[in-house]
Amino acid sequence: MDTTFSAAVDDTLIQIVTPEGVRTEPTMYSELVGDITTEKLRDLYEDLVVVRRIDAEATALQRQGELGLWAPMLGQEAAQVGSARALERDDFVFASYREHGVAYCRGVDPTQMLRFWRGSTQSGWDPYEYNMTTPAIIVGSQALHATGYGLGMKFDGAEGAVITYFGDGATSQGDISEALGFAASFGAPVVFFCQNNQWAISEPVTVQTHITIAERGRGFGVPALRVDGNDVLAVLAATRTALARAREGSGPTLIEAVTYRMGPHTTSDDPSRYRPAALDDEWRRKDPIDRIERLLEREGAMDESFRQRVKERADATAADLRRGCLGTVEPGPMSLFDHVYADPHPLIAEERRAYAAYLAGFEGAVKS
Amino acid sequence: MTATLAAPATLSASAALAAPVTLPLGRALNAGLRRAMEDDPKVVLLGEDIGKLGGVFRITDGLQKDFGPTRVIDTPLAESGIVGTAVGLAFRGYRPVVEIQFDGFIYPAFDQIVSQVAKLHYRTGGNVKMPITIRVPYGGGIGAVEHHSESPEGYFAQTAGLRVVSCSNAADANVMLRQAIASDDPVLFFEPKRRYWQKGEVDVTASIADAYPLHKARVVRAGTDATVIAYGPLVATALQAADVAAGEGRSLEVIDLRSLSPLDMDTIAASVRKTGRLVVTHEAATFMGIGAEIAARVQEQCFYSLEAPVQRVGGFTIPYPPAKLEEYFLPDADRILDAVDRSFQG
């Protein structure tokens, strides 16, 4: 596959399927997803529907008091599924905190995602089991971790690549600039995947930058692509391009996936205070699921039994999620002291002993 | 056998060295890094100017030449980037050793150190280890300009997940650095930069398996009348004070703390129970400092052994002053002895 493209930024938005569900004129990018048959397109559609359902169920669970917080991904399904489905098992994902769709594609049980937001654990899963980190709350920090991991892969002569996810707000953090600089200098096999969802809580992307985020790669010598983030095929193609560059030793690529956060930043946020409803309506017409549904309809691949099958799959996943969430066995107080250090630390041991003795003093002592 | 190296720059494969040798503290660190890199191919060094230049203090001198640019990595000038990249390397199974060029330059990396390096093991339920060593030349006394003479160790000692140590002599510098690198936990390794040229005997071939434990304090001078606790650059100052006190008929016990997190309270408490008096000294600010923590713990554990209130001799609550004033700022033997006197005035 020819993956060469100029370091100069082509700000044209890569698009393969229009919001109306019509395929655009063939380009090198549509060729890159030439293997996506109708059956595989239906699989992608199923992914999009299932992750939206996971997100909706988690939002509902938060409203019902089962989660302390949730960061909804409504509207960003294509950016996440399209990029995650471009990955191989050996690739490593350094995620932010909204990548529930990516986690789903990596095989993480949705219940494991929830427990972090429920406050039952700090992690939820073993990063090495899925080659994906657990949520990074300090925005931008994970891009540096991805760069270091990618450097390690390069030293190891490993086949894989690294992808790191962050939002438009994070691009204002020094860590993102430092990561782009380090990755460029060292030729680290990293894909910097920015989901430009237009909003950093209440601040529009224009507060972060007056040029496109893709353009910002140029200053670091990092080639950049700008892709319609609501077009799952375009995102898949762009990510495949960037991953191929990383694998062949051509270094990092920045992808700006232009999308829109349809919901609040988190369940604690109220976008009606800062966001015109007309803008939401405009983006609703670009919905990532609707357009694939329309495309499948146009191509005669959207029959009732398929629709039913996808719905059942989404319902079943949501039911599992709810069951898993409500069935969470909360950790006991003594686990507070677990894993602070890898090796024994006398002050932690002392505090653990003292607290255990204190708890043991209660009648019907608290479970450990 | 003791051999003095005429030209430390020729220090090559450590196995070729007879043991022990006399080395300046800085060269002992260099030998420690070399040995750690020989012993474990996953040890990689990252920092500014650490390659051809060998670091501004030459602690990494000759290492890039012998181990190559992928083991000794000259990085862009970005401290958060250096530490954040080390986090990723640790994720990948490497044991990064980071050099922060000067104490005052560590703050841009503060977030990566306290939010990521310190917490990732806890956050991942023990699945991800962060065996990162962060070397920091610290403290004053070299007549440097602003931001080059600070003592930020207290910030890190207060952060759960980090281990914080400081060496005071060449032998410890060599072994403690190797122990820090071998630790599966992140270690902030504070190097007393004004003691880099202080020579001592070092056994560079010694095994760390049976070395003195990294987190144990050491009684470096036995005494009976009062205990003085110091670490890093002030251990030599405390010993100097003890010499003077001995001339005045007072026997001071000097403890080299070595580890700030964890604290070796057993050694501290045993000494205080013996002497009944305690002076803690460090260059870092006295207010909310390491000395405050030690004083609080000593009164909890040794209240009935104390003959006098615990005294602290540390930095004033001011930014590190201009070089021409640092002699007034830095604790010296006189200030330590003055504090010892106070503890006898009951």
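Treat the numbers as computed from the prediction; the structure is a model and nothing was measured.

Draft legend 1. Structural context of the interface of chain B and chain A. Counting from both sides, the interface comprises 45 residues of chain B and, opposite them, 41 residues of chain A. Both faces combined, the contact of chain B with chain A buries some 3,600 Å², and carbon together with sulfur accounts for 58% of it. Looking only at chain B, the three residues that lose the most surface to chain A are Phe 91, Arg 92 and Tyr 122 of chain B, adding up to 20% of its buried area. Put simply, chain B and chain A have three salt bridges between them. A salt bridge links Glu 350 of chain A to Arg 297 of chain B; the nearest nitrogen and oxygen atoms lie 3.2 Å apart. Inspection of the chain B/chain A interface yields 23 residue pairs in polar contact (both at pLDDT 80 or more). Of all the secondary structure elements, the ones that give two or more residues to the side of chain B that touches chain A are β4 (72–74), α3 (79–91), α4 (110–117) and α5 (120–123) of chain B. No other element matches α3 of chain B, which puts 11 residues into the side of chain B that touches chain A.

Draft legend 2. Structural context of the sheet that holds strand β10 (residues 218–221) of chain B. Residue and element names in this part refer to chain B. Taken together, five strands build an open sheet; the order of strands is β10-β12-β11-β14-β15 and the sheet is mixed. The sheet is open, and its two borders are formed by β10 and β15 (311–315), each paired with just one other strand. Direction aside, the axes of adjacent strands within the sheet are offset by 25° on average. Pairing of strand β11 (residues 226–230) with strand β12 (residues 252–256) involves five bridges; the strand directions are parallel. Its bridge partner being in β12, Ala 226 is matched across the sheet by Leu 252. The strands that helix α8 (residues 234–247) touches are β10, β11, β12 and β14 (278–285); relative to β12, the one it contacts most, it runs at about 170°. Against the sheet, helix α12 (residues 333–345) touches β11, β12, β14 and β15, its axis set at about 155° to β15.

Draft legend 3. Up close: the UniProt feature "domain: Transketolase-like pyrimidine-binding" (unreviewed entry) in chain B. As recorded in UniProt, the sites labelled "domain: Transketolase-like pyrimidine-binding" (unreviewed entry) are residues 23–198 of chain B. Span residues 23–198 of chain B is 36% helix and 18% strand, its end C-alpha atoms 8 Å apart.

Draft legend 4. Looking closely at the UniProt feature "domain: Dehydrogenase E1 component" (unreviewed entry) in chain A. Mapped onto the present numbering, the UniProt feature "domain: Dehydrogenase E1 component" (unreviewed entry) falls at residues 49–317 of chain A. The span residues 49–317 of chain A shows a helical share of 48% and a strand share of 12%, and its end C-alpha atoms are spaced 11 Å apart.

Draft legend 5. Up close: the nonpolar core. Ranked by internal contacts, the top residues of the largest apolar core, which has 79 residues, are Ile 134, Leu 188, Leu 257, Ile 294 and Val 298 of chain B. Ranked by the residues each element gives to this core, the list is headed by α3 of chain B, at seven residues. With sequence-adjacent residues up to four places away left out, Leu 257 of chain B is seen in contact with Lys 216, Ala 217, Ile 229, Ala 230, Tyr 231, Leu 263, Ile 268, Ile 290 and Ile 294 of chain B. In this structure, Ile 14, Ile 54, Ala 58 and Val 235 of chain A belong to the second largest nonpolar core, which totals 72 residues.

Draft legend 6. Summary view of unusual backbone geometry. Geometrically, the link from Ser 261 of chain B to Pro 262 of chain B is a cis peptide bond, its omega value of 0° lying close to zero. Among the secondary structure elements, Pro 262 of chain B is positioned in the loop between β13 (259–261) and α9 (265–275). For His 339 of chain A, which is not glycine, the phi dihedral falls at a positive 65°. Structurally, His 339 of chain A can be placed in the loop between α14 (304–326) and α15 (346–360).

Draft legend 7. Molecular detail of the packing of α8 of chain B against α12 of chain B. Residues and elements named next belong to chain B. The contact between α8 and α12 brings their axes to 8 Å, and the two run at 60°. Viewed along their axes, α8 and α12 adopt a mutual orientation that is oblique. Pair α8 / α12 crosses with right-handed handedness. Contacts between α8 and α12 involve Thr 237, Ala 238, Gln 240, Ala 241, Val 244 and Ala 245 on the former and, on the latter, Ala 333, Ile 336 and Leu 337. Tallied by class, the residues present in the contact of α8 with α12 amount to seven nonpolar, two polar and no charged.

Draft legend 8. Representation of the packing of aromatic side chains within the structure. Residue and element names in this part refer to chain B. A complete count under the given rule lists 32 aromatic pairs over all chains for this structure. Ring plane angle 80° and centroid distance 6.1 Å describe the contact between Tyr 196 and Trp 197, whose orientation is recorded as edge-to-face. Given the relative accessible area of 2%, Tyr 196 is considered buried. Accessibility expressed as a relative area gives 56% for Trp 197, which makes it exposed. Put simply, the rings of Tyr 107, Phe 110, Tyr 138, Tyr 155, Phe 156 and Phe 190 pair up and form one aromatic cluster. Taking NZ or CZ as reference, Arg 250 lies 3.9 Å from the ring centre of Phe 344, over its face. It is Arg 277 that lies over the ring of Phe 344; its NZ or CZ is 3.9 Å from the centre.

What counts, and at which threshold
Residues numbered from 1 in each chain as written. Chains lettered and ligands numbered in written order. Predicted model: local features only at pLDDT ≥ 70, side-chain atom pairs only at ≥ 80, totals over all residues. Heavy atoms only, no water. Contact = heavy atoms within 4.5 Å. Buried area = accessible area lost by both parts, 1.4 Å probe. Salt bridge = Lys/Arg side-chain N within 4 Å of Asp/Glu carboxyl O. Polar contact = N/O pair within 3.5 Å; in protein donor to acceptor, adjacent residues only side chain to side chain. Helix = DSSP H or I, 4+ residues; strand = E, 2+ residues; numbered from the N terminus. Pairing = 2+ DSSP bridges. Axes fitted to C-alpha atoms, helices over the stretch in contact; angles between N-to-C directions. UniProt positions renumbered as here; feature names shortened; annotations may be inferred. Core = buried A, V, L, I, M, F, W, Y, C linked by side-chain atoms within 4.5 Å. Buried < 20%, exposed > 50% of the residue type's maximum accessible area, 1.4 Å probe, protein only. Parallel < 35°, antiparallel > 145°, perpendicular 65-115°, else oblique. Left-handed = near helix turned anticlockwise from the far one by under 90°. Nonpolar A, V, L, I, M, F, W, Y, C, P; charged D, E, K, R; others polar. Phe/Tyr/Trp six-rings, centres within 6.5 Å; stacked < 30°, edge-to-face > 60°. Lys NZ or Arg CZ within 6 Å of the ring centre and 35° of its normal.

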